[in-house]
Amino acid sequence: GDSVTQMEGPVTLSEEAFLTINCTYTATGYPSLFWYVQYPGEGLQLLLKATKADDKGSNKGFEATYRKETTSFHLEKGSVQVSDSAVYFCALISNTGGFKTIFGAGTRLFVKA
Amino acid sequence: SAVISQKPSRDICQRGTSLTIQCQVDSQVTMMFWYRQQPGQSLTLIATANQGSEATYESGFVIDKFPISRPNLTFSTLTVSNMSPEDSSIYLCSVVGEMNYGYTFGSGTRLTVV
C-alpha cells in the first residue's frame, strides 16, 4: 500500500542554519504531496504542496520539489528561526485511494537561539 | 480554504464515560475525516464521515467505540465511548476540498482519560 517515510527526529539546529528534512514515498499512480506543520499545542497546518513531478512547493521560506525519479519530497529552508520549531509531517494523497491522506511519522524540529 | 471550529479543545474524563467532539465547518464540504494522534505519534485515520449515510471506518476502529454523526454538509461529531486511558490522544477533524489542495484541520481536541 501507499506509504510515506521521513527522517527521524528530533532535529536540533541553531538559528540561521540550513534545514533539510528527508521524505520519500511509495504510491501507485501519481500522488499529490504535502508538508504539514504542527506547532506546539495546535492542530496541523498545510505548509506547502506539489501536485506533479518537478513541481516545487514553497511557503514561508520553505521549499520542496516533487522528484518522481527518486520518489522524494524533501523539505528545505535556507535559514531557520526559533519560531520554526514544530513537528513537520510529510504526506500524500493518492489518486487511486480516494481522498485519504497518508502521513509520515513526523519530524520534530528544535531551533535554538 | 475552509475554516473549521472544533470543540472542546481539551477535556479530562473519567474512564468508562463518553465524550462527544464537535466539528463545524464554515462551508459545505463533501468529505470530512476524523483522525487520532497519540502522544508523539503521527496521525491515524479513524473514519470518513459521510453525509446521509454511515461513516466508513478504518481497520482497527469500530462504530460502537467511535460513533460518528454527519447530519449535514457542515457539521460532524465523533464520540469516544467507554473511555480508557489508552484513548488519551488528540482527535482532529479535517476536510478536503479537492485532492490537489490538501486537507484543512481543526485545532484538535486533547483528551486525557484518568
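Structural notes, computed from the coordinates. (Residues numbered from 1 in each chain as written. Chains lettered and ligands numbered in written order. Predicted model: local features only at pLDDT ≥ 70, side-chain atom pairs only at ≥ 80, totals over all residues. Heavy atoms only, no water.)

Moving on, we get to the state of the cysteines. Note: disulfide means a covalent bond formed between the sulfur atoms of two cysteine side chains. All names here are of chain A. Applying the stated criterion to the full structure yields two disulfides over all chains. Two residues, cysteine 23 and cysteine 90, share a disulfide whose sulfurs are 1.9 Å apart. In this structure the cystine formed by cysteine 23 and cysteine 90 twists about its S-S bond by roughly -70°; its chirality is therefore left-handed. Taken as a pair, cysteine 23 in strand E4 (residues 23-26) and cysteine 90 in strand E10 (residues 86-93) lie far apart in primary sequence, 67 residues in all. Just as cysteine 23 is buried, cysteine 90 falls in that class too. (Disulfide = S-S within 2.5 Å. Helix = DSSP H or I, 4+ residues; strand = E, 2+ residues; numbered from the N terminus. Buried < 20%, exposed > 50% of the residue type's maximum accessible area, 1.4 Å probe, protein only.)

Right, let's talk about the side chain of serine 81 of chain B for a bit. Looking at the element boundaries, serine 81 of chain B is found in the loop between strand E8 (75-80) and strand E9 (89-96). The contacts of serine 81 of chain B, once residues within four sequence positions are left out, are Thr17, Ser18, Asp64, Lys65 and Pro67 of chain B. (Contact = heavy atoms within 4.5 Å.)

Turning our attention to the interface of chain A and chain B. As a measure of interface size, the accessible area lost when the parts come together is often cited. Taken together, the contacts link 21 residues of chain A with 21 residues of chain B. Both sides together, the interface formed by chain A and chain B hides about 1700 Å², and carbon and sulfur atoms give 61% of it. Summed over the shared surface of chain A and chain B, the result is zero salt bridges. Put simply, chain A and chain B have five residue pairs in polar contact (both at pLDDT 80 or more) between them. Listed by contribution, the elements that provide at least two residues to the side of chain A that touches chain B are strand E5 (32-38), strand E6 (44-50), E10 and strand E11 (101-103) of chain A. Per element, the largest residue contribution to the side of chain A that touches chain B is four residues, and it comes from E5 of chain A. (Buried area = accessible area lost by both parts, 1.4 Å probe. Salt bridge = Lys/Arg side-chain N within 4 Å of Asp/Glu carboxyl O. Polar contact = N/O pair within 3.5 Å; in protein donor to acceptor, adjacent residues only side chain to side chain.)

This part covers the sheet that holds strand E9 (residues 75-77) of chain A. Residues and elements named next belong to chain A. Reading across from one edge, E3-E9-E8-E7 is the order of the four strands in this open sheet, with antiparallel pairing throughout. Two strands bound the open sheet, and with one partner strand each, they are strand E3 (19-21) and strand E7 (56-59). Taken pair by pair, the neighbouring strands of this sheet meet at an average axis angle of 15°, ignoring direction. (Pairing = 2+ DSSP bridges. Axes fitted to C-alpha atoms, helices over the stretch in contact; angles between N-to-C directions.)

For the structure on display, the rule yields four salt bridges over all chains. Put simply, lysine 77 of chain A and aspartate 84 of chain A hold a salt bridge, and the shortest N to O gap is 2.8 Å. Neither lysine 77 of chain A nor aspartate 84 of chain A differs from the other in exposure class; each is buried. In this structure, lysine 65 of chain B engages aspartate 87 of chain B in a salt bridge whose closest nitrogen and oxygen atoms are separated by 2.6 Å. Highlighted residues: lysine 65 of chain B in the loop between strand E6 (56-57) and strand E7 (68-72) and aspartate 87 of chain B in the loop between E8 and E9, separated in sequence by 22 residues.

Time to look at the sheet that holds E7 of chain B. All names here are of chain B. Ordered in space as E1-E3-E8-E7, the four strands form an open sheet in which the pairing is antiparallel. Whereas interior strands pair on both sides, the edge strands pair on one side only; in this sheet they are strand E1 (4-7) and E7. Mean inter-strand twist for the sheet, computed between neighbouring axes without regard to direction, equals 15°. Relative to E8, strand E3 (residues 19-25) is paired through six bridges, and the arrangement is antiparallel. Within E8, the position partnered with threonine 20 by the bridge is threonine 79.

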